[in-house]
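What follows is the residue order along each chain.
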Amino acid sequence: MRGMGNMQGMMKKMQKMQKEMMQAQEELNAREFEGTAGGGMVKVTVNGQREVLGVNLDPSVVDPDDVEMLQDLVVVAINDALKKVEETTAFTMGKFTQGLNLPF
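In this text, all values refer to a predicted model and were calculated from it rather than measured experimentally.

K.L.:
For the overall build of the protein chain, give the residues involved together with the corresponding values.
P.N.:
Each helix and strand counted, the protein chain has 2 helices and 3 strands in total. When the helices and strands of the protein chain are placed in sequence order, the string is α-β-β-β-α. Scaling as 2.2 N^0.38, a compact globule of 104 residues should have a C-alpha radius of gyration of about 13 Å, whereas the protein chain reaches 21 Å, well beyond that. Within the protein chain, the proportion of its 104 residues that are buried is 22%. By sequence separation, contacts in the protein chain at least 24 residues apart represent 48% of the contacts at least 6 residues apart. Positive and negative charge centroids in the protein chain, built from 11 and 15 side chains respectively, lie 23 Å apart.

K.L.:
A description of the environment of Phe33 should follow, citing residues and the corresponding values.
P.N.:
As for its placement among the helices and strands, Phe33 is situated in strand S1 (residues 32–37). Looking at Phe33, the relative accessible area reads 6%, which means it is buried. Considered as a pair, Phe33 and Leu82 are 49 residues apart in the sequence and their alpha carbons are 7.9 Å apart. Ignoring anything within four residues of it in the chain, the contact list for Phe33 reads Leu28, Val44, Thr45, Val46, Asn47, Gly48, Ala81, Lys84, Val85 and Thr88.

K.L.:
Run through the pattern of salt bridges, naming residues and quoting values.
P.N.:
Pairing between side chains of opposite charge can happen when their charged atoms approach one another. The full count for this structure, using the stated rule, is 4 salt bridges. As a salt-bridge pair, Glu20 and Lys16 come within 3.9 Å of each other at their nearest N and O atoms. With Glu20 and Lys16 both in helix H1 (residues 2–30) and 4 residues apart, this pair spans about one turn of that helix. Overall, Glu20 belongs to the partly exposed group, its relative accessible area being 34%. Between Arg50 and Glu86 there is a salt bridge, with its nearest N and O atoms 2.5 Å apart. Separated by 36 residues along the polypeptide, Arg50 in the loop between strand S2 (42–47) and strand S3 (52–57) and Glu86 in helix H2 (residues 67–97) bring together distant segments of the chain. Judged by relative accessible area, which is 36%, Arg50 ranks as partly exposed. A relative accessible area of 41% means that Glu86 is categorised as partly exposed.

Definitions and cut-offs
Residues numbered from 1 in each chain as written. Predicted model: local features only at pLDDT ≥ 70, side-chain atom pairs only at ≥ 80, totals over all residues. Heavy atoms only, no water. Helix = DSSP H or I, 4+ residues; strand = E, 2+ residues; numbered from the N terminus. Rg over C-alpha atoms; globule rule 2.2 N^0.38 Å. Buried < 20%, exposed > 50% of the residue type's maximum accessible area, 1.4 Å probe, protein only. Contact = heavy atoms within 4.5 Å. Lys, Arg positive; Asp, Glu negative; His and termini not counted. Charge placed at Lys NZ, Arg CZ, Asp CG, Glu CD. Salt bridge = Lys/Arg side-chain N within 4 Å of Asp/Glu carboxyl O.

Given below as structure tokens:
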């Protein structure tokens with residue numbers, strides 16, 4: 001019967017870890033991340049769910065004769081913000097899966 005106590009204890013730990021993981025994911029989803037390009041002249045804000053919340057353009061980068069440059073800067077800023085989301089998510093959620101060899 002000794003094994004049953006260990007199993008119950010393990011189940012309680014797993015439930016606690018699952019609750020903590022869900023809370024951490026909710027916090028990540030609500031968090032805002034900023035990506036920049038052009039030395040901060042283009043800023044993009046995304047949330048942890050990878051939704052673009054806003055784009056801020058310095059007026060000096062808005063050149064009607066060079067729209068392609070502005071488009072490139074916006075893409076770079078979005079990718080920068082998304083990279084920050086991915087890195088933060090991997091770091092935060094990795095705490096829970098460390099040593100378990102689980103796919104993330």
